[in-house]
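# Observations on the model geometry
Chain by chain, the residues:
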Amino acid sequence: MAGLSHMRSGMVSVSVTVDGVRRTADVEPRTLLVHLLREQFGRVGTVIGCETSNCGACTVLLDGVSVKSCSVLAVQADGATVDTIQGLAAPDGTLHPIQQAFHENHGLQCGYCTPGMVMRTVSLLQENPDPTEDEVRAGLKGNLCRCTGYQGIVKAVQAAAAALSTSATSTSAERTHAASEVTS
Amino acid sequence: MTTAPEIAPEQTPEREVGKARLRKEDHRLLTGRTRWTDNLNLPGMVHLALVRSPFAHARIVSIDTSQATAADGVVGVWTGEDLPEQGAMPIAWTVSEDLKVPSLLPLSVGSVKHVGDVVAVVAATTQAAALDAAELVDVDYEELPAVVDPLAALEEGSPLVHPDLGTNVCATWGMDSVTLGTGGNVEEAISAAENDPDQVVIRRTLRQNRITPGFIEPRSIVVDPTAEQVTMWSATQVPHILRILLAMTQPIEEHRLRVIAPDVGGGFGGKLQATAEEALVLLIALRLQTPVKYTETRNESMQSAHHARDQIQRLTLAARRDGTITAFDVDLIADMGAYLGILTAGIPLLGGFMFNGIYKIPAYRFFCTDVFTNKVMTDAYRGAGKPEATFGIERMMDELAAELGMDPIEVRRRNWIKPGEFPYATVAGLTYDSGNYDQATDTALEMFRYEELRAEQARRRESNDPVQLGIGVCTFVELSGLAPSRVLGSLNYGSGGWEHASIRMLPTGKVEVVSGATPHGQGHATAFAQLVSDELGVPFEDIILIAGDTASSHKGMDTYGSRSLVVGGMAIVGAARKVVAKALPIAAHLLEASPEDVEFRTGRFEVKGTDSSVSMTEVMLHTWLCHNLPDGLEPNLDSDYTFDPENFSFPTGTHLAAVEVDTETGRVHVRDYVCVQDVGVIVNPLIVDGQVQGGLSQGIGQALFEEILYDEDGQLKSGTLADYYLPSAVDVPHYRTAYTVTEATTNTLGVKAVGETGTTAAPPAIVNGVLDALRPLGVPDVTMPLTPVKVWSAIQQARGSQEEVTG
Amino acid sequence: MRPVDFDYAAPEDIAGVVQALVDGGDDAKIISGGQSLMPVLRMRMAAPELLVDLRKVDGLREIRQEGSELVIGAMVTHHTLATDPLVAEHAGLLAQAAATIGDAQIRYRGTIGGALAHADPAGDLGAAVLALDGSVDIVGPAGERTVGAAEFFQDYFTTAVGEDDVAVAVRIPSHAGWGSCYEKFTVVAQAWAVVAVGATLRIADGVIQEAKVAMANMGPTPLRASQVEAALAGAAVDAGTLDAAGSRAGEGTNPPEDSAGTPEYRRHLAGVLARRALRSAAGVE
Ligand SMILES: Cc1cc2nc3c(=O)[nH]c(=O)nc-3n(C[C@H](O)[C@H](O)[C@H](O)COP(=O)(O)OP(=O)(O)OC[C@H]3O[C@@H](n4cnc5c(N)ncnc54)[C@H](O)[C@@H]3O)c2cc1C
Ligand code: FES
Ligand code: FES
């Protein structure tokens, strides 16, 4: 069968700054970024919902913009910065304004789509800090939620936009972390 | 007009019940600290990959596992023949005496019955290695003829899904108002109507599309075995039921199996199952005596997790020309798929109790034929049989209105049960405790600006606007709060319908609430804390929920059928009242008063007529200290309560949809959606609204976009999210919701239920709206999902046949 | 699911890429944005031995003007196409088409080179590039060549890009000042086009000087609606003319059949979308 007879050059070392921490790991080239995060770095906040890059549950920021981490190879993220849902709140647990808005507007039920929704929202509000309801909906079309019917989510994104425009709170992507080396 | 949830006047703000409390569970879900099953990584854990049938029906000639066994990292490979200890998967509902139960083994032996049936399992040290080796398992199949269409399956000479059963008919089940003693003879009433110029008889065949619950978290299972105890984590709605069913069918005893549903990413009925995969992970873990994990892919989920709906409804409605219904006859063909899940055969039956809707129907009959086909089994999905029934009756109400040239609201009004008529014994044998359909409908009509929209509709019709406007109506009642155990017994259901709760009073004044209702997104931790806070006077913040683990929440019936609040909540209230009863003599002792003189009010025990009192918190501490308690009294406030409901609960509502149909493209755009619900007393308006909105989007998905498609050979054509269209935020409207409250009289909280209302009401509301727009063009029906191509084709066809008539 | 195992190379120049493809033999594949390839790999519908990544190759992310042409590097993402002012000015239709692709996350990763090389018949950029008379610069073992869009698209998922070739840039003659509109019809917002029609018009003195119309998912490759274009050239800008011409978009096509549309429906839809695209491109209500 394909792939098994051929001698592989084997593992590749990658180095990625995840939520402010520089980490390195040896990966098979076929390893997806989401697998690197979940299985090798233990960053299980980012989740998987499909194979076809439709659901958006795996959304993270790669070098500052939202991507589906199931559609990026770990080797392609070598040298990059990845921000996940786990780096968004303050270290003391204080929610980021977007997370807080999801909380206050009942923008989540089971929470499975939530990491992706929130990370996509970070990117969306960078693209468009004051979106209309229709713009929010269009901006979230790559993230599927089966629980909420989206209304709470849309409300949350608009509330977050308002909160962010009145506060100068920095996102974790902007926050500077003391880079430390972690090898998994 | 209010678009936010209204709070009943009797729900005073000091009470927790009625407050829009933000959810306790959110923080971990928002910060990625969630405990999904697939997050678990145990030392020594091996991973499974499953080899699934690519054929809808085939004989397994041989399976060669040698190459796979020899592959890197492989710990073991098994076929069905290699697992003699495996037991057939259980069903929980023996609906009829003629029920045929095919054997569903975790690992197929001899043959496969649908695409996705499991034929071999590979265990390896990594998931990647397991997947690689699974491709090396060489299965030789002899393809057999498959039957995909349920009507074809009923024909003479059809291929048989299970030749050993000798038929594709799984079961038949019926009921009628004569036998029930609730009304007249349907056949007589219909033939009388046919011969009565003052009556109309309407016959329609409607179709319920096959869809998937579509939880976003794929199912995942981890089993950690020791000789003493075996722990299973599963992304299931029903850890308690699963434990019992696995113990009854697989080589594990109940007391040795602990099942944990950690955080679960949606279920909607789709995770209300005892699956072959769960049994398989258990079996392999028992074989290997090491932790084992399996997480399905979306594609596997689509070809193995149960589907839903998939009915053909042949309906006959008779009515007088003034709109009054005289008889309703329901003849269903329900597609079971290839096997029976725990409730598969019973799902259509649940609908049997609801096809009469909110109406007074003098003669009623329901008959259902359950049919096997070479497809994935169907089973519960949000509403389970009742959305199908609501669709049937509500579509027929619109057909009746159209036939009589009446307003669809008016037709309904002529037939529905009036506020003064509750409790009302229905023709289907249930008793609706309360409701006020007039109030909900009037509120909805006003919010919707019904008359204005009708005027706009007329204008568009007149001007031949390419975009036509339709108004869709659905007035409905839901059967919720599953379920009174005696009723279940009478239906041959294999368990009770009670729920259990325990309350543990901690020495520092905090409270643990243990519930057998297992949450997966519904906000149990929040709503239950609100209930307990009111009962015990303990602050909301001081209450925590323990659920979803058969070791700590030892007794339960889990979450489905809109039962968590109306059944589970009542169990909690029962337990809380027992706590108060136990605390009272201790408080009296501490107050040096006689128990008769002490009363409990908002967290304090007070000696009547004095200002002497002691708080619940103090009683909790003193009970723990046990230094100074009444003689002979058990030093314990903790209490258990098992609540078995006396009746179902009946949430209702009126939904109105304004849909624009672009007749050039066939696109349906839901421009406005108003729903006024009566879910009884509202515990948390935020959560209630969320439940409604989520259900509505699923209902709109069924109506407009979603369909599981098989080709003639039984190949699944919609096996990924790229070809199964789940609605995104763009595809659903902004809902306008409001609430009217008639309290349930069947429980002391006055609560009804809310979970399944959206999926129940939205499909008929949307389809009625589209047909309301298109009927003047001559379009009689469009089957769900109403995709643009189907709507456009229906318009074309109507135009074609009209040209034939005129030309 | 996970992809089958493969080797990975990320050469730093095009020569290195071509060499890697040659050395890698039949089962070597380029990966650029990965937005079409990764789902295919994860479903194990392809099993390459080697992936050659373009991400380290210099210059492929540039957009520059060369004379009257806009030259867009193969690794320019859909997001950039949709937001870049140069693209908006000279190739408005391409920007509009790019903005409709998938969703924001897909657009941040997916590239024009990958989209054209992948050549999904429902793809949006192919139709836009075809309408704009674009061409593709291809580098292979035998050197560099430029292939016009009409020759580039050959069949379902088949283009002029050979096994060891790399698409390095897309050339679009400037359409500055042209009106344009990309009308895409999907079942749900996330889905690929059932049909899409891109129209771009040069209008002067109330007369259509030139009209270019192309369609996605109306056949194995993107198609030009030449009968529509011919009917419009030199015509006055009025709704009746635009509609009459647009209605003919589906004529003579043989579009696919699937759950989202029958061939008949698609032909009809092409006409409707063409009318709408033309009106909008012409600024006619
Ligand atoms: C959920 C989803 C929705 C989508 N919706 C749309 C849509 O609506 N419209 C649309 O047009 N597209 C859509 N796409 C596809 C998207 O546009 C892709 O980005 C595009 O098709 C491929 O570009 P890529 O850079 O990602 O290429 P890759 O996925 O990296 O490669 C695709 C193919 O092209 C080859 N290739 C890549 N680059 C080159 C090159 N420079 N030279 C030669 N060969 C090359 C690869 O070997 C591979 O065979 C969607 C994708 C997803 C996952
Ligand atoms: S897991 Fe579904 S988009 Fe990445
Ligand atoms: S909250 Fe459950 S999928 Fe979005």
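Being a predicted model, the structure only gives us computed values, none of them experimental.

Turning our eyes to something else, we now look at the domain arrangement of chain B. All names here are of chain B. Segmenting chain B into domains produces domain 1 (40-144 + 217-265 + 271-304), domain 2 (384-481 + 648-801) and domain 3 (498-643). For domain 2 and domain 3, the distance between their C-alpha centres works out to 41 Å. Here domain 2 meets domain 3 over a buried area of about 1200 Å², counting both sides, of which 65% is carbon and sulfur. Area buried by domain 2 at its contact with domain 3 is led by Gly481, Val683 and Leu749, which between them contribute 40% of it. Summed over the shared surface of domain 2 and domain 3, the number is 0 salt bridges. The interface formed by domain 2 and domain 3 holds 5 residue pairs in polar contact (both at pLDDT 80 or more) in total. Residue composition of the side of domain 2 that touches domain 3, by class: 5 nonpolar, 8 polar and 3 charged.

Another aspect to go through is unusual backbone geometry. Residue and element names in this part refer to chain B. For the peptide bond that leads from Leu482 to Ala483, omega is -5°, which places it in the cis range. Mapping Ala483 onto the fold places it in the loop between β18 (467-477) and α15 (485-490). Unusually for a residue other than glycine, Phe268 sits at a positive phi of about 60°. In this structure, Phe268 sits in the loop between β11 (257-260) and α8 (276-288).

Residue and element names in this part refer to chain A. You can read the domains of chain A as domain 1 (8-86) and domain 2 (88-184). Counting residues at the interface gives 28 residues for domain 1, matched by 24 residues for domain 2. The contact between domain 1 and domain 2 buries some 2000 Å² in all, and 51% of this surface belongs to carbon and sulfur atoms. If you look at where domain 1 meets domain 2, you find 0 salt bridges. The tally of links between domain 1 and domain 2 comes to 8 residue pairs in polar contact (both at pLDDT 80 or more). Where the side of domain 1 that touches domain 2 is concerned, the elements lending two or more residues are β2 (21-27), β3 (59-62) and β4 (65-68). If you tally residues by element for the side of domain 1 that touches domain 2, the top one is β2, at 5 residues. Tallied by class, residues from the side of domain 1 that touches domain 2 come to 11 nonpolar, 12 polar and 5 charged.

This part covers the interface of chain A and chain B. At the interface, 45 residues of chain A touch 52 residues of chain B. Of the roughly 4300 Å² buried between chain A and chain B on both sides combined, carbon and sulfur atoms contribute 59%. Considering only the side of chain A, the residues that lose the most area to chain B are A:His106, A:Arg146 and A:Gln151, jointly responsible for 19% of the buried surface there. At the boundary of chain A with chain B, the tally comes to 3 salt bridges. A salt bridge links A:Arg146 to B:Glu706; the nearest nitrogen and oxygen atoms lie 2.7 Å apart. Taken together, chain A and chain B are joined by 25 residue pairs in polar contact (both at pLDDT 80 or more).

Turning our attention to the sheet that holds strand β2 (residues 58-64) of chain B. Residue and element names in this part refer to chain B. Spatially, β4-β2-β6 is the arrangement adopted by the 3 strands of the open sheet, whose pairing is antiparallel. Where the open sheet ends on each side, the last strands, each with one partner, are β4 (111-112) and β6 (138-143). With 2 bridges connecting them, β2 and β4 associate as antiparallel partners. Bridge pairing in β4 places Ala58 opposite Val112.

Sheet topology places β2(B) next to β6(B); 6 bridges connect them, and they run antiparallel. Bridge pairing in β6(B) places B:Ala58 opposite B:Glu143.

With that settled, the discussion passes to the packing of helix α11 (residues 386-404) of chain B against helix α20 (residues 757-774) of chain B. Geometry of a packed helix pair, given as the angle between the helix axes and the separation of the axes. All names here are of chain B. Between α11 and α20, the shortest axis-to-axis distance is 8 Å and the interhelical angle comes to 30°. In terms of orientation, α11 and α20 fall into the roughly parallel class. The two elements α11 and α20 meet at a crossing, and its hand is right-handed. Seen from α11, the contacting residues are Lys386, Pro387, Thr390, Phe391, Glu394, Arg395, Asp398 and Glu399; seen from α20, they are Thr759, Thr760, Pro763, Pro764, Val767, Asn768 and Leu771. Partitioning the contact of α11 with α20 into residue classes produces 6 nonpolar, 4 polar and 5 charged.

There is a patch of like negative charges on the surface, built from C:Glu12, C:Asp13, C:Asp58 and C:Glu62. Looking at the element boundaries, C:Asp58 is found in the loop between β3 (50-53) and β4 (63-66).

This next bit is on the site of ligand 1. Residues and elements named next belong to chain C. Taken together, 33 residues are adjacent to ligand 1, and Ile30, Gly34, Ser36, Thr111 and Asp124 come closest. For ligand 1, a nitrogen atom lies 2.8 Å from a polar atom in the side chain of Ser32. Separating an oxygen atom of ligand 1 from a side-chain N or O atom of Lys184 is a distance of 2.8 Å. In isolation ligand 1 offers 960 Å² of accessible surface; the protein chains occlude 95% of this area. Listed by contribution, the elements that provide at least two residues to the shell around ligand 1 are β2 (28-31), α7 (112-118) and β10 (166-173). Per-element accounting of the shell around ligand 1 gives the leading share, 5 residues, to α7.

Residue and element names in this part refer to chain B. Evaluated as defined, the whole model comprises 15 aromatic pairs over all chains. Ring centres of Trp416 and Tyr437 lie 6.4 Å apart, and the angle between their planes is 70°; this geometry places the pair in the edge-to-face category. With Trp416 in the loop between α12 (408-415) and β16 (424-425) and Tyr437 in helix α13 (residues 437-448), the pair connects residues that are 21 residues apart, well separated along the chain. Ring pairing ties together the aromatic residues Trp173, Phe328, Phe353, Phe355, Tyr364 and Phe366, which thus form one cluster. Positioned above the aromatic ring of Phe540 is the side chain of Lys24, whose terminal nitrogen or guanidinium carbon lies 4.5 Å from the ring centre. Positioned above the aromatic ring of Tyr560, the side-chain terminus of Arg563 is 5.2 Å from the ring centre.

Another point: the interface of chain C and chain A. One frequent convention defines the size of an interface as the accessible area lost when the parts assemble. Taken residue by residue, the interface counts 34 residues in chain C and 39 residues in chain A. Carbon and sulfur atoms make up 50% of the area that chain C and chain A hide from each other, which totals about 3200 Å². In terms of surface lost to chain A, no three residues of chain C exceed C:Asp5, C:Arg42 and C:Gln105, which account for 22% of the buried area on that side. Inspection of the region where chain C meets chain A yields 3 salt bridges. Ionic pairing is found between A:Lys68 and C:Asp103, a salt bridge with its closest N-O pair at 2.6 Å. In this assembly, chain C and chain A are joined by 14 residue pairs in polar contact (both at pLDDT 80 or more). Within the residue set of the side of chain C that touches chain A, elements represented by two or more residues are β1 (7-9), α2 (37-42), β3 and α6 (104-109) of chain C.

Residues and elements named next belong to chain A. Most of helix α1 (residues 33-40) sits inside the fold, with 6 of its 8 residues counted as buried. Of the positions making up α1, those classed as buried are Leu33, Val34, His35, Leu36, Leu37 and Arg38. Summarising the contacts, the buried residues of α1 are in contact with β1 (12-18), β2, β3 and β5 (81-83). Looking one or two residues beyond α1, the residue adopting positive phi is Gly42, at roughly 65°.

What follows is about helix α8 (residues 124-131) of chain C. Think of an α-helix as turning once every 3.6 residues; residues three or four places apart then point the same way. The buried count for α8(C) comes to 8 of 8 residues, which makes it a mostly enclosed element. Looking one or two residues beyond α8(C), the residue adopting positive phi is C:Asp133, at roughly 55°.

Let us look at the confidence of the model for chain B. Residue and element names in this part refer to chain B. Taken residue by residue, chain B gives an average pLDDT of 95. The fraction at 70 or more is 98%. Low pLDDT, under 50, characterises residues 1-13; the stretch is placed with 24 contacts to residues that sit more than four places away or in other chains. Both scores are given for the predicted complex: the pTM is 0.96, the ipTM 0.97.

Residue and element names in this part refer to chain C. The residue Gly234 is located in the loop between α10 (226-232) and α11 (239-246) in this model. Sequence separation between Gly234 and Glu210 is 24 residues, and the spatial gap between their C-alpha atoms is 7.3 Å. Non-local contacts of Gly234, meaning those with residues more than four positions away in its chain, are made with Val207, Ile208 and Gln209.

For the rest of this paragraph, the subject is the sheet that holds strand β13 (residues 207-216) of chain C. Residues and elements named next belong to chain C. Overall, antiparallel pairing links the 4 strands, which are arranged β11-β12-β13-β14 in an open sheet. Of all the strands in the sheet, just β11 (179-185) and β14 (223-224) have a single pairing partner and so form its edges. As defined by bridge partners, strand β12 (residues 195-204) adjoins β13 across 9 bridges and the pair is classed as antiparallel. Its bridge partner lying in β13, Val197 is registered against Met215. In the packing of α8 onto the sheet, contacts are made with β11, β12, β13 and β14, and the angle to β13 comes to roughly 150°.

Rules used in this analysis
- Residues numbered from 1 in each chain as written.
- Chains lettered and ligands numbered in written order.
- Predicted model: local features only at pLDDT ≥ 70, side-chain atom pairs only at ≥ 80, totals over all residues.
- Heavy atoms only, no water.
- Domains from an automatic or database assignment.
- Buried area = accessible area lost by both parts, 1.4 Å probe.
- Salt bridge = Lys/Arg side-chain N within 4 Å of Asp/Glu carboxyl O.
- Polar contact = N/O pair within 3.5 Å; in protein donor to acceptor, adjacent residues only side chain to side chain.
- Nonpolar A, V, L, I, M, F, W, Y, C, P; charged D, E, K, R; others polar.
- Helix = DSSP H or I, 4+ residues; strand = E, 2+ residues; numbered from the N terminus.
- Contact = heavy atoms within 4.5 Å.
- Pairing = 2+ DSSP bridges.
- Axes fitted to C-alpha atoms, helices over the stretch in contact; angles between N-to-C directions.
- Parallel < 35°, antiparallel > 145°, perpendicular 65-115°, else oblique.
- Left-handed = near helix turned anticlockwise from the far one by under 90°.
- Patch = residues over 30% accessible without salt bridge, like charges linked within 9 Å, V, L, I, M, F, W, Y side chains within 5 Å.
- Areas by Shrake-Rupley, 256 points an atom, 1.4 Å probe, with all protein chains shown as cover.
- Lys, Arg positive; Asp, Glu negative; His and termini not counted.
- Charge placed at Lys NZ, Arg CZ, Asp CG, Glu CD.
- Near = heavy atom within 4 Å.
- Phe/Tyr/Trp six-rings, centres within 6.5 Å; stacked < 30°, edge-to-face > 60°.
- Lys NZ or Arg CZ within 6 Å of the ring centre and 35° of its normal.
- Buried < 20%, exposed > 50% of the residue type's maximum accessible area, 1.4 Å probe, protein only.
- pLDDT = per-residue confidence, 0-100.

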